[in-house]
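Residues per chain are reported as follows:
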Amino acid sequence: MTSLFHFKTTAGHRHNYPQVVCPNHAVIGGNRHFKTSKSTVNPSVLRLNKYGTPAIDPPKERLEWVVDTKSPSTGKFGRFGGRFVAETLISALEELEVVFHHVLQDPEFQEELTTALKDYVGRETPLYYAERLTAHYKGQNLGRGPDIYIKREDLAHLGAHKMNNALAQAMIAKRMGLTAVIAATGAGQHGVATAAACAKFGLSCTIFMGTADMEKQPSSVDLMNLLGAKVRPTAGSFKDATSDSIRDWTEKLGEVYYLAGTAVGPHPCPTMVREFQSVIGRETRRQAAEKWGGTPDAVVACVGSGSNALGIFHEFVRDPTVRLIVVEAAGFGLNSGKHAATLAAGEVGVYHGAMSYLLQDEEGQIICPHSVGVGMEYPGVAPELSFLKETGRMEFYSASDEEAVEAYRRVARLEGILPALEASHAFAYLEKLCPTLPDGAKIIISCSGRGEKDTETVFNYPIS
Amino acid sequence: MAIAAAAATSPTTARTTATLSPPPPISSSSSSSSSSSALLNFGLAKSTARPRTTAGLSISCTMTRDAAAAVAVTEKDDSDPALWSRPDAFGRFGKFGGKYVPETLMYALTELESAFNSIRNDPDFQAELGGILKDYVGRETPLYFAERLTDHYRRPNGEGPHIYLKREDLNHTGAHKINNAIGQVLLAKRLGKKRIIAETGAGQHGVATATVCARFGLECIIYMGAQDMERQALNVFRMRLLGAEVRGVHSGTATLKDATSEAIRDWVTNVESTHYILGSVAGPHPYPMMVREFHKVIGEETRRQAMEKWGGKPDILVACVGGGSNAMGLFEDFVKDKDVRLIGVEAAGFGLDSGKHAATLTKGEVGVLHGAMSYLLQDDDGQIIEPHSISAGLDYPGVGPEHSFLKDKGRAEYYCVTDEEALEAFKRVSRLEGIIPALETSHALAYLEKLCPTLPDGTKVVLNCSGRGDKDVQTAIKYLKL
């Protein structure tokens, strides 16, 4: 299959590495030689410019960084992404893509969506200047440090950014005349958002959730039941629930709508989810312009699969002056084997229909990820983020469970905000980031969700 | 001031209340009845009053049960709500309200009142408050057209009211409470206070207070009944996470009213350094007015949004009433608009006849509680009846004095709804709109069942969705057996 964008690795030439075994799908055509990114447990190192901030050489064609969404494409982000699925799903995905592109241009749909985002979800969410957090970091550095702004996705209906996407896709399902929706959820946020959107539009809703996750987040299960959704347990965790739900979709094509929760999966799912989450970034640009008349110097987001990160990044990808920083879950530590740091420690392969980085062992079996932030426990990552990593457009770091819990407590104490444990990973990275930044640099952190759901976890977390 | 002092300021409102309509007239010879000693109770152990006789008294005074008849003043026609003093200079709404507090607190209340009046028109303060409400709290909250709920109440012939929800549940911390907490903490900072105290029942107001104290770096102490602390361990932890100190109160029934009394006691002791953030429109003047003013943004936004959406005003405003702050917040801007119906919904608990409810305005009598004269649930001895509601926020034996005033004037109507009806509404709205309302709010939502069939086609109903129900999911699931 040809790709619209040609990608050259920074290393230049290709190596003849042994073919990576893809456990779920056969690789149809395509490139069988992969550049491995083994043991890149070091954070990406970039050249620094005279201000001490990383200098990114803009590519000769800026378009290389962005995949065009206005017309149907192969869904490739460089060599990542694609549509590695069983033949039966291909026509459903093609139909979905057509409908997606149609609604993007349909003013009626857009108006209904904008109204729903405003009146139901509570957009736009504020860009909040975190005065005490800023003072905290400046105080540690002789009064010099960045200005920290928080994009408050925790204030969205149901307390996470997931609602932006669930709402839009539920509307698409209705448009397609489907009355049943299925989805898979890890921590439960996407399941709850989907259940709520289905309740609002009168659609029936089935959520697949791993039994391990159901035990860790019983409150989410209760919420889904209350909202009228049926929760179907799957043995295992999010990855198994996702596989199960895709299987279910394949069986019930034409009867159910598969509501992807994050920017993974076969094309067009990653593009759709990113598109519906990109409202976050668009608002952020406007709010930043209002507040300080410019763009941020750095945007920091946590990444589990990548929907909130892509949502806030997409608007700024073409702006090389804006650093894009993701923070993954290092769990018990990157060398412990119990983490979810896909970009740092993963290898390229095909998973859930897309080519991307993923945590796999030598036999190509998926490694079970771990993080205290349940929403981070995905062994893969959005193909678009893999692309941004390889082009060097995005930097990736990680934070351990302990650092995340510490950050949760710190933000609670200093700002009266309880960030979701997932978002706490982004806040944790501030500890390392702030001392390196010049005075007055503008950082925006995406607070992707609220952390009331995590109070019990933090309560029970052993204090070292 | 002198007049206020003469009007029976009863000291320590902590454990007792003084009813203004004791059964026997004082001229009777059975003068050591408990009611007359209740009038003169200075916290002493049971003391027998001296026997009185009418001989030698040159002033006669008639005490009647019917307070309205005692007011012999001919009032000018005040059927126009715009002309009502809400409150007047002494903090009264008609006969309700006032400042029934120990002498030590009078100065603090006066100081608070003048500070509040100075910031009311201070553009810098208002700008700062507005900025925080916007960026930190997430205002303005949307006015959401509840399509499926409207459909649900549509009659077979297609007619029915249009139901809009004012989404206070989308605020930071998930309820309207933070509007007031932010305003008061900014006021406290202006007064130079470094220490904040508050009381809390289930923890919602405590969490809101701890939140704003964390945001502004102030010391925070929350008083909570020991029984409530056990039932709400997670909220206690949350408050501690936010940097607050949570002190358990073991006296009395170890619930909200005892925590309130303890908080007032702390305030009396530490009045110079401490500001007391009262969570509702109850308490001594200037609190009912202040809290209402900080919440009135709800109604102001609603007016503007209603104009945008349908080019008019709401026909009916509905809100749940515990202490009454969210209702006053929504109603305030519309009180002067006589064509807007104001409806408050209280908790009928297990039912009005069960004795286990919190329907103060329906079943209460006038008395003084926590510094203000208002309706309250009291027995014949003037002791507070322990209220009950499945929702902690409505579980208050009193009600804001302004609500008592609006009820007596007939400007607002008050109904009530049982636990069961509230739970049904909780489930119904979750399933129809994907919004999980707080159990408190669910009482207002439950009242729609009785209200909507009576309304003509196209009536615009705005309901204050005062909080979200994540905190109530466990309770609801248990009772609904989902």
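Residues numbered from 1 in each chain as written. Chains lettered and ligands numbered in written order. Predicted model: local features only at pLDDT ≥ 70, side-chain atom pairs only at ≥ 80, totals over all residues. Heavy atoms only, no water.

Let's talk about a negative patch on the surface
Definition in use: Candidate patch residues must exceed 30% relative accessible area and have no salt bridge, after which like charges are joined if within 9 Å and Val, Leu, Ile, Met, Phe, Trp or Tyr side chains if within 5 Å. Note on areas: Shrake-Rupley, 1.4 Å probe, and residue coverage restricted to the protein chains presented here. Any Lys or Arg side-chain nitrogen found within 4 Å of a carboxyl oxygen on Asp or Glu counts as a salt bridge. By the counting scheme adopted, Arg and Lys are positive, Glu and Asp are negative, and His together with the chain ends is not counted. For this purpose, a charge sits on NZ of Lys, CZ of Arg, CG of Asp or CD of Glu. Comment: elements are numbered from the N terminus, with helices defined as DSSP H or I runs of at least four residues and strands as E runs of at least two.
There is a patch of like negative charges on the surface, built from Glu 108, Glu 111 and Glu 112 of chain A together with Glu 147 of chain B. Here the negative patch gets three residues from one element, more than from any other, and that element is helix H2 (residues 107-121) of chain A. You can see Glu 112 of chain A is positioned in helix H2.

What to know about the UniProt feature "domain: Tryptophan synthase beta chain-like PALP" (unreviewed entry) in chain A
This is how it is decided: UniProt positions are given in the numbering used here, feature names are shortened, and annotations may be inferred rather than shown by experiment.
According to UniProt, the feature "domain: Tryptophan synthase beta chain-like PALP" (unreviewed entry) maps to residues 122-449 of chain A in the numbering used here. Taken end to end, residues 122-449 of chain A is 41% helix and 20% strand, and its two terminal C-alpha atoms sit 14 Å from one another.

A closer look at the environment of Leu 226 of chain A
Along the chain, Leu 226 of chain A falls in helix H7 (residues 218-226). Expressed as a C-alpha distance, the spacing of Leu 226 of chain A and Ala 196 of chain A, which sit 30 residues apart in the sequence, is 9.5 Å.

Quick look at helix H5 (residues 189-201) of chain A
Operational definition: One fewer than the residue count of a helix, multiplied by 1.5 Å, yields its expected span.
Over its 13 residues, H5 of chain A extends 18 Å from the first C-alpha to the last, a length consistent with the 18 Å expected when each residue adds 1.5 Å. Positive phi appears at Gly 202 of chain A, one or two residues downstream of H5 of chain A, with a value of about 70°.

Concerning the UniProt feature "domain: Tryptophan synthase beta chain-like PALP" (unreviewed entry) in chain B
Per the UniProt annotation, the sites labelled "domain: Tryptophan synthase beta chain-like PALP" (unreviewed entry) are residues 138-467 of chain B. Summarising residues 138-467 of chain B: 40% helix, 20% strand, and an end-to-end C-alpha distance of 14 Å.

Focus: the pattern of salt bridges
Residue and element names in this part refer to chain B. Worth spelling out the cut-off: Each residue is assigned to one of three classes by its accessible area relative to the maximum for its type, calculated with a 1.4 Å probe on protein chains only: buried under 20%, partly exposed between the two thresholds, exposed over 50%.
If you walk through the whole model with that rule in mind, you get 66 salt bridges over all chains. For the salt bridge of Lys 95 with Asp 408, the shortest nitrogen-to-oxygen distance reads 3.6 Å. Linking Lys 95 in the loop between strand E1 (92-93) and strand E2 (96-97) with Asp 408 in helix H16 (residues 401-409), this pair joins segments that are 313 residues apart in sequence. By relative accessible area, which is 33% here, Lys 95 ends up partly exposed. Residue Arg 120 is joined to Glu 293 by a salt bridge in which the shortest nitrogen-to-oxygen separation is 3.5 Å. Taken together, the residues Arg 120 in helix H4 (residues 103-120) and Glu 293 in helix H12 (residues 287-295) connect sequence positions 173 residues apart. Here Glu 293 falls in the buried class, since its relative accessible area comes to 13%. By sharing partners, the salt bridges in this structure join Arg 86, Arg 120, Arg 292, Glu 293, Lys 296, Glu 300, Glu 332 and Glu 402 into a single network.

Structural notes on the pairing of strand E14 (residues 460-464) of chain B
Residues and elements named next belong to chain B. Defined as follows: At least two bridges found by DSSP between two strands is the condition for calling them paired.
The element E14 is largely enclosed, with a buried count of five among its five residues. Both faces of E14 are covered, namely the face carrying Lys 460, Val 462 and Asn 464 and the face carrying Val 461 and Leu 463. The sheet contact formed by strand E4 (residues 162-166) and E14 spans five bridges and is parallel. When the sheet's bridge partners are listed, Leu 165 is paired in E14 with Leu 463.

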